[in-house]
Amino acid sequence: MRSVEARIRSEIERAVTMVLDRHVQGTTEKQSREYIARLRTTDGALAHEAADIFALADEEEAMLSPPAKRPRR
């Protein structure tokens, strides 16, 4: 049985591949440059989502802590 971590990584890889596949273009230089720009846009969006997920994990973890140990913001 695969670990939860491996399963999550696989699910994310499939989702990202689907997004990138929708933006694949032909073979001209212009189309290649447009695809590269879309890859960079996707990279930025994923970085933003990763930051949001990290913040959500911090919030969830803080709720598990006893009130005296919760970080003040």
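Bear in mind the structure is a predicted one, so any value in this text is a computation, not a measurement.

Analysis parameters
Residues numbered from 1 in each chain as written. Predicted model: local features only at pLDDT ≥ 70, side-chain atom pairs only at ≥ 80, totals over all residues. Heavy atoms only, no water. Helix = DSSP H or I, 4+ residues; strand = E, 2+ residues; numbered from the N terminus. Buried < 20%, exposed > 50% of the residue type's maximum accessible area, 1.4 Å probe, protein only. Areas by Shrake-Rupley, 256 points an atom, 1.4 Å probe, with all protein chains shown as cover. Salt bridge = Lys/Arg side-chain N within 4 Å of Asp/Glu carboxyl O. Axes fitted to C-alpha atoms, helices over the stretch in contact; angles between N-to-C directions. Parallel < 35°, antiparallel > 145°, perpendicular 65-115°, else oblique. Left-handed = near helix turned anticlockwise from the far one by under 90°. Contact = heavy atoms within 4.5 Å. Nonpolar A, V, L, I, M, F, W, Y, C, P; charged D, E, K, R; others polar.

I'd like a rundown of the overall build of the chain, residues and numbers included.
Within the chain, the regular secondary structure consists of two helices and zero strands. Relative to its 73 residues, the chain shows a buried fraction of 4%. As displayed, the chain offers around 6700 Å² of accessible surface, 58% of which is attributable to carbon and sulfur atoms.

Give a detailed account of the pattern of salt bridges, specifying residues and quantitative values.
A full pass over the atoms with the stated rule returns three salt bridges. Among the salt bridges present, the one from Arg9 reaches Glu5, with a minimum N-O distance of 2.5 Å. A residue pair is termed a helical-turn pair when its members lie 3 or 4 positions apart in one helix, as Arg9 and Glu5 do in helix H1 (residues 4-22) at four residues. Judged by relative accessible area, Glu5 falls into the exposed class, the value being 55%. Among the ionic pairs, Arg33 bridges to Glu29, the shortest N-O distance being 2.8 Å. Of the two residues, Arg33 and Glu29 are both situated in helix H2 (residues 29-64); the distance of four residues between them amounts to about one turn of the helix. Judged on exposure class, the residue Arg33 and its partner Glu29 are both exposed.

Before we move on, could you go through the environment of Leu39 and cite the residues and values that matter?
By the element assignment, Leu39 lies in helix H2. Relative accessible area serves as the criterion here: at 31%, Leu39 is assigned to the partly exposed category.

Summarise the packing of H1 against H2; cite the residues concerned and give the values.
Between H1 and H2, whose axes approach to 10 Å, the crossing angle comes to 150 degrees. Between H1 and H2, the angle falls in the class roughly antiparallel. Crossing handedness for the pair H1 and H2: right-handed. Contacts between H1 and H2 involve Val16, Val19 and Leu20 on the former and, on the latter, Tyr35, Leu39, Thr42 and Leu46. Its residues placed into classes, the contact of H1 with H2 shows six nonpolar, one polar and no charged.

Give a description of the side chain of Thr42 that names residues and reports values.
With respect to the secondary-structure elements, Thr42 resides in helix H2. Residue classification places Thr42 among the buried residues on the basis of a relative accessible area of 17%. When near neighbours in sequence (up to four residues on either side) are disregarded, Thr42 contacts Val19 and Leu20.

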